[in-house]
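# Breakdown of the fold
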Amino acid sequence: MLQPPIDDKPKQSHQAGSSADPDALAAALQGAKRNRFRAGLIFGTIVTIAAVLLIAQNGESAQLDWIAFHFRMPLWILLILTAAAGAIVWELIKVGWRHGRRQRRDQKNAVASARASLTSSKS
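Model, not experiment: these values are computed from the prediction.

Reading the values: rules and limits
- Residues numbered from 1 in each chain as written.
- Predicted model: local features only at pLDDT ≥ 70, side-chain atom pairs only at ≥ 80, totals over all residues.
- Heavy atoms only, no water.
- Patch = residues over 30% accessible without salt bridge, like charges linked within 9 Å, V, L, I, M, F, W, Y side chains within 5 Å.
- Areas by Shrake-Rupley, 256 points an atom, 1.4 Å probe, with all protein chains shown as cover.
- Salt bridge = Lys/Arg side-chain N within 4 Å of Asp/Glu carboxyl O.
- Helix = DSSP H or I, 4+ residues; strand = E, 2+ residues; numbered from the N terminus.
- Buried < 20%, exposed > 50% of the residue type's maximum accessible area, 1.4 Å probe, protein only.
- Pairing = 2+ DSSP bridges.
- pLDDT = per-residue confidence, 0-100.
- Contact = heavy atoms within 4.5 Å.
- Lys, Arg positive; Asp, Glu negative; His and termini not counted.
- Charge placed at Lys NZ, Arg CZ, Asp CG, Glu CD.

### Some details on a nonpolar patch on the surface
Taken together, the side chains of Trp66, Ile67, Phe69 and Phe71 define a hydrophobic patch exposed on the protein surface, amounting to about 480 Å² of accessible area. With respect to the element layout, Phe69 can be found in strand β2 (residues 69-74). The partly exposed category is assigned to Phe69, whose relative accessible area is 47%.

### Quick word on the pairing of strand β1 (residues 61-66)
Where β1 lies against β2, six bridges are found, and the strand directions are antiparallel. Paired with Trp66 across the bridge in β2 is Phe69.

### Topic: the pattern of salt bridges
Applying the stated criterion across every chain yields a total of two salt bridges. In this structure, Lys94 engages Glu91 in a salt bridge whose closest nitrogen and oxygen atoms are separated by 3.2 Å. Of the two residues, Lys94 and Glu91 are both situated in helix α2 (residues 75-122); the distance of three residues between them amounts to about one turn of the helix. A relative accessible area of 40% places Glu91 in the partly exposed class. Arg105 is the salt-bridge partner of Asp106, the closest N and O atoms lying 3.7 Å from each other. The class for Asp106 is partly exposed, based on a relative accessible area of 41%.

### Notes on unusual backbone geometry
Here Ile67, not a glycine, exhibits a phi torsion of approximately 50°, which is positive. Structurally, Ile67 is set in the loop between β1 and β2.

### Some thoughts on the confidence of the model for the protein
Here the protein shows a mean pLDDT of 79. Residues at 70 or above account for 79%. Per-element confidence in the protein is highest for β2, whose mean pLDDT is 90, and lowest for helix α1 (residues 22-57), whose mean pLDDT is 79. Long-range and interchain partners of residues 13-18, a stretch whose pLDDT sits below 50, account for one contact in this model, where long-range means more than four residues apart.

### Notes on a positive patch on the surface
Taken together, Arg98, Arg101, Arg102 and Arg104 make up a surface patch of like positive charges. Examined against the element boundaries, Arg104 turns out to sit in helix α2.

So, in structure tokens, the structure goes:
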């Protein structure tokens, strides 16, 4: 009867905290980047089609009165400018949110390291 070859190498466990195979990790990260790219490409295509439809359906001119400014422009330009302004505001909100989250994380880490240094100096 044939016996399987004996493997002298200890088997690595894939528990939390153990180091993963670098090649497998790199492959997983590459796959995630590829999926993000595909999602962005699909989203960009949908937005482009929507913009073309917007231009085709809203060619008439619109009157814009804002504070002391009064002018006429094609409705599609007004809609695109409004969407662009909304996108800029959204990005500014995201930047502020990330900055606040980063500050809270840094403050939490500083408090934790200060506590650790106090407990180690008492010992």
